[in-house]
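Chain and residue survey
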Amino acid sequence: MKSYTQYLWFNTKNRQEIINITAQVEEAVKKSGVKEGLCLVNAMHITSSVFINDDEGGLHHDFLEWLEKLAPYSKNKYRHNLTGEDNGDAHLKRTIMGRAVVVAITQGRLDFGPWEQIFYGEFDGQRKKRVLIKIIGE
Ligand code: ZN
């Protein structure tokens, strides 16, 4: 069995951003040489997500607006912020949007459903954070 590991680094300009990382993951699959297997893509921080959905700007706006309704940014609203942090909202947003995705690799390519793309969701950015790509297979 082959195994391949790669990290992607992010330092977003804004506190919250949604970034399409499909091309970088496809590149990693190519480098891995795996033709049949599985690809894990995993946010390595508890205030950012990796998720799969449509690459449509209106939808990304809807996600951020929906998350802001569920867990609005606030310095005073969250118990977590009693620790001196201000990112209680970002932990909740991350949990809703997910930690990681697994995509099958078939004939050397990511085996997506219609319109599926992989996204990095940042909810407490403006600092260096990373995503793990782990590929296993033959
Ligand atoms: Zn925190």
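Placed above this text is the structure.
The structure displayed is predicted, hence computed values, not measured ones. (Residues numbered from 1 in each chain as written. Predicted model: local features only at pLDDT ≥ 70, side-chain atom pairs only at ≥ 80, totals over all residues. Heavy atoms only, no water.)

**Thoughts on the packing of aromatic side chains**
Applying the stated rule across the entire model yields three aromatic pairs. These aromatic residues form a ring-pair network of at least three members: F51, F63 and F119. Residue placement shows K128 over the ring face of W9; its charged tip is 4.6 Å from the ring centre. (Phe/Tyr/Trp six-rings, centres within 6.5 Å; stacked < 30°, edge-to-face > 60°. Lys NZ or Arg CZ within 6 Å of the ring centre and 35° of its normal.)

**Here we look at unusual backbone geometry**
Residues other than glycine seldom take positive phi values, yet Q107 does so here, at roughly 50°. Checked against the element boundaries, Q107 lands in the loop between strand 5 (100-106) and strand 6 (109-110). Among the residues examined, Q107 registers a relative accessible area of 68% and is labelled exposed. Although it is not a glycine, Q126 adopts a positive phi angle of roughly 65°. Along the chain, the position of Q126 falls in the loop between strand 7 (117-122) and strand 8 (129-137). (Helix = DSSP H or I, 4+ residues; strand = E, 2+ residues; numbered from the N terminus. Buried < 20%, exposed > 50% of the residue type's maximum accessible area, 1.4 Å probe, protein only.)

**Quick word on the sheet that holds strand 5**
The strands making up a sheet associate through hydrogen bonds between their backbones, and the pairing can be parallel or antiparallel. If you walk across this open sheet you meet the five strands as 1-8-3-5-6, and the pairing is antiparallel. The open sheet has two free edges, formed respectively by strand 1 (2-10) and strand 6, since each of these has just one partner strand. The pairing of strand 3 (residues 37-43) with strand 8 spans seven bridges and is antiparallel. Paired with L40 across the two strands is K134, which belongs to strand 8. (Pairing = 2+ DSSP bridges.)

**Focus: the side chain of T47**
Here T47 is to be found in the loop between strand 3 and strand 4 (48-53). Relative accessible area serves as the criterion here: at 3%, T47 is assigned to the buried category. Setting aside its immediate chain neighbours within four residues, T47 contacts N87, A90, H91, R94, E122, F123, D124, R127 and K129. (Contact = heavy atoms within 4.5 Å.)

**Quick notes on the coordination of the zinc ion**
On the protein side, the zinc ion has H80 (NE2), E85 (OE), N87 (OD1) and H91 (NE2) as donor atoms, found 2.1 to 2.6 Å from it. Coordination at the zinc ion is irregular, judged from the four donor atoms that bind it and the angles of 80 to 152° they form at the metal. For the zinc ion, the donor residues sit on a single chain with the sequence spacing H-x4-E-x1-N-x3-H. Take E85: its relative accessible area is 37%, and that puts it in the partly exposed class. (Donors = N, O, S within 2.8 Å, 3.2 Å for Na, K, Ca; no water. Tetrahedral: all angles 85-135°; square planar, octahedral: opposite > 155°, others 65-115°.)

**A few points about helix 1 (residues 22-32)**
For helix 1, the full list of buried residues reads T22, V25, A28, V29 and S32. What you see down the axis of helix 1 is that its buried residues fit within an arc of 120°, all on one side. Facing away from the buried side of helix 1 by more than 90 degrees, the exposed set consists of A23, K30 and K31. G33 sits one or two positions beyond helix 1 and adopts a positive phi of about 75°. (Arc of directions from axis to C-beta.)

**Points about the nonpolar core**
Counting residues in each nonpolar core, the largest one holds 21 residues, and the members touching the most others are C39, V41, I118 and I135. Looking at this core, the elements with two or more residues in it are strand 1, helix 1, strand 3, strand 5, strand 7 and strand 8. Counting eight residues, the second largest nonpolar core, distinct from the first, contains I18, L67, M97 and F119. (Core = buried A, V, L, I, M, F, W, Y, C linked by side-chain atoms within 4.5 Å.)

**As for the environment of V50**
If you trace the backbone, V50 turns up in strand 4. Classification of V50 as buried rests on a relative accessible area of 0%. As a C-alpha pair, V50 and N20 span 30 residues in sequence and 9.8 Å in three-dimensional space. In this structure, V50 is in contact with V41, N42, A43, M97, G98, R99, A100, V101, I118, F119, Y120 and V131, ignoring residues within four places of it in sequence.

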